[in-house]
Amino acid sequence: MRKLTIASMASRVLAAAAAIGLCAALTACGSSNTSSDTNSSDSSSKSSSSSSSSSSSLKNMKQIPGITASGELGKKPTISFATPKTVDDNSYAILQKGDGETIGAKDRVCAQGIYVSAKDGSEMGSTWEKNTPDCSLDMSTLDDTNVYKELIVGQKINTTIAIGINDSNSSGTSYIMVLTLVSKTTDGTHATGDKVADVPADLPKVTLAKNGKPSIDMNGYKGSDSLVAQPLIKGKGAEVQESNTVKVQYTGWLLDGTQFDSSWDKGTPISFSLSQVVKGWTQGLTGQTVGSQVLLVVPPDLGYGDKATGSIPANSTLVFVVDILAAY
């Protein structure tokens, strides 16, 4: 069973919609608003059981009929439906209406998930037992035409949603992913926290624009044979783990002050797994805290080594200023 990643599901939803002609590049995919139906709940109720027979629906996703969830809101639900069941890929059902805060268009959503076999109703996987919710779904990065964004924005925390999935494998596995939206946060746009006072004087000097974008004075700095990971701003968020995906703003320079890359200039932060970047980033960001700004000096053996990469010459020491906006 593949890892539960709702951000990848969002991509699949959009791709599926586009493949059958439901989205056009300059036309919004559906404007229906589910808030009037899905946001109402009895907050005094300790449990909820509901079916997919919601009166409202999304223009670009079919509803799954005949599936219910029962149990206390915000806890692992019990899922029921007649088996075997046929589901359309990326079909949906609102199984429980939440009682928490309303999810906004710029929120990051954390969800607990269950995979349930459509063939026999058996549980194929779950994040509930180890309490490892997936926080990969960042609504702020989804285009307003994305049907996944339409499905989730306006829902309340503790809402439970079912998504139909048909794998394109030889066995044609068909299952239902059941997501309970358990929390939400809003990512920052730049580092926030306390300015670090004891930054070594011989390191490059960083100056910030009003929006947080860094510029740099190399200050005669000649580099280092070992990794430097110097916090400039100490954030108050969670500690970054080596296994995390992080969302960052960053700029990179060569030692002569030449800028070779910047997310700031591209107009948007980026997200990536720390297992998929150069070792200097993995080692330098692990143990830092969300909200921090970190000066990284990456020697060649922890960067791109003796291979030229784009505008980066071989055997280059790289200098980065990285704002850590989220880790999940």
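Everything numeric here is computed off the predicted structure, so don't read it as measured data.

A.B. asks: When you look at the pattern of salt bridges in this model, what are you seeing that I'm missing?
C.D. replies: Oppositely charged side chains are able to pair whenever their charged atoms sit close together. Tallied over the full model, the rule gives 11 salt bridges. One salt bridge connects arginine 108 with aspartate 187, and the closest N-O pair in it is separated by 2.6 Å. Of this pair, arginine 108 sits in strand β5 (residues 108-117) while aspartate 187 is found in the loop between β9 (174-185) and β10 (194-195), placing the two residues 79 residues apart along the sequence. Pair check on accessibility: arginine 108 and aspartate 187 agree, each one buried. Across the salt bridge formed by lysine 213 and aspartate 265, the nearest N and O atoms sit 2.6 Å from each other. Here the residue lysine 213 occupies a position in the loop between β11 (205-208) and β12 (214-217), and aspartate 265 occupies one in helix α4 (residues 263-266), the gap between them amounting to 52 residues. A cluster of three or more residues bridged by salt bridges with shared partners is formed by Arg108, Asp138, Asp187 and Lys247.

A.B. asks: Even after reading the chapter, I still don't get the pairing of β12, so can you show me in this structure?
C.D. replies: Look at any regular strand and the pattern is simple: side chains alternate between the two faces of the sheet. In terms of strand pairing, β11 meets β12 through four bridges, oriented antiparallel. Across the sheet, threonine 207 pairs through a bridge with serine 215, a residue of β12. With antiparallel pairing between neighbouring strands as the criterion, β11 and β12 make up a hairpin whose turn holds five residues, including glycine 212 at a positive phi of roughly 100°.

A.B. asks: Help me understand the nonpolar core, please; the structure alone is not making it clear to me.
C.D. replies: When a protein is soluble and globular, its nonpolar side chains tend to lie buried together. Of all hydrophobic cores here, the largest spans 23 residues; its most connected members are Leu151, Ile152 and Ile163. Counting residues per element, the ones that place at least two in this core are β4 (92-96), β5, α3 (147-152), β8 (160-166) and β9. One finds Val240, Leu274, Val294 and Ile324 within the second-largest nonpolar core, a separate group that totals 21 residues.

A.B. asks: What is the right way to look at the state of the cysteines in this model?
C.D. replies: A covalent bond bridging the sulfur atoms of two cysteines is what the word disulfide describes. Enumeration over the complete set of coordinates arrives at one disulfide. Shown here is the disulfide that connects cysteine 110 with cysteine 135, its sulfur atoms set 2.0 Å apart. Since a negative S-S torsion denotes a left-handed disulfide, the cysteine 110-cysteine 135 link at about 110° is right-handed. Here cysteine 110 is found in strand β5, whereas its partner cysteine 135 is found in strand β7 (residues 134-138), with 25 residues between them in sequence. Residue class for cysteine 110 comes out buried when judged on its relative accessible area of 10%. On the basis of relative accessibility, which here comes to 16%, the residue cysteine 135 falls in the buried class.

A.B. asks: Teacher, can you tell me more about the environment of serine 215 here?
C.D. replies: Note that serine 215 resides in strand β12. You can call serine 215 partly exposed: its relative accessible area is 40%. Residues serine 215 and glycine 252, spaced 37 residues apart in sequence, show a C-alpha to C-alpha distance of 10.0 Å. Setting aside residues up to four positions removed in sequence, serine 215 forms contacts with Lys205, Val206, Thr207 and Trp253.

A.B. asks: Is there a simple way to think about unusual backbone geometry in this case?
C.D. replies: Generally, phi is negative for residues other than glycine and the peptide bonds are trans, each holding for most cases. Of the consecutive residues threonine 83 and proline 84, the connecting peptide bond is found in the cis state with omega at -10°. Of note in this structure, asparagine 90 is not a glycine but carries a positive phi near 65°. Within the element layout of this structure, asparagine 90 appears in the loop between β3 (78-81) and β4. For asparagine 90, a relative accessible area of 5% corresponds to the buried category.

A.B. asks: Looking at this model, I keep getting lost on the side chain of threonine 180. Mind explaining?
C.D. replies: The topology assignment puts threonine 180 in strand β9. Dropping the residues within four chain positions of it, threonine 180 is found in contact with Gly74, Pro77, Cys110, Ala111, Gln112, Trp128, Asn158, Thr159 and Thr160.

A.B. asks: Even after reading the chapter, I still don't get the environment of lysine 119, so can you show me in this structure?
C.D. replies: Note that lysine 119 resides in the loop between β5 and β6 (123-126). In this structure, the C-alpha to C-alpha distance between lysine 119 and proline 84, residues 35 residues apart in sequence, is 4.3 Å. Here lysine 119 is in contact with Thr83, Pro84 and Ser174, once residues within four sequence places are set aside.

A.B. asks: Would you mind showing me how to read the packing of aromatic side chains here?
C.D. replies: Ring pairs (aromatic) are described by centroid distance and by the angle formed between their planes. This model, assessed by the stated rule, comprises five aromatic pairs. Centroid distance tyrosine 250 to tryptophan 281: 5.6 Å. Interplanar angle 85°. Geometry classified as edge-to-face. Separated by 31 residues along the polypeptide, tyrosine 250 in strand β14 (residues 245-254) and tryptophan 281 in helix α5 (residues 279-285) bring together distant segments of the chain. On the basis of relative accessibility, which here comes to 7%, the residue tyrosine 250 falls in the buried class. With relative accessibility at 6%, the residue tryptophan 281 sits in the buried group. Ring geometry for tryptophan 281 and phenylalanine 320: centres 5.1 Å apart, planes at 80°, overall edge-to-face. You can see tryptophan 281 sitting in helix α5 and its partner phenylalanine 320 sitting in strand β18 (residues 318-327), a full 39 residues away along the chain. Residue tryptophan 281 shares its accessibility class with phenylalanine 320, and that shared class is buried. Ring-pair connections join several aromatic residues into one group, and the members of that group are Tyr250, Phe260, Phe272, Trp281 and Phe320.

Calculation notes
- Residues numbered from 1 in each chain as written.
- Predicted model: local features only at pLDDT ≥ 70, side-chain atom pairs only at ≥ 80, totals over all residues.
- Heavy atoms only, no water.
- Salt bridge = Lys/Arg side-chain N within 4 Å of Asp/Glu carboxyl O.
- Helix = DSSP H or I, 4+ residues; strand = E, 2+ residues; numbered from the N terminus.
- Buried < 20%, exposed > 50% of the residue type's maximum accessible area, 1.4 Å probe, protein only.
- Pairing = 2+ DSSP bridges.
- Core = buried A, V, L, I, M, F, W, Y, C linked by side-chain atoms within 4.5 Å.
- Disulfide = S-S within 2.5 Å.
- Contact = heavy atoms within 4.5 Å.
- Phe/Tyr/Trp six-rings, centres within 6.5 Å; stacked < 30°, edge-to-face > 60°.

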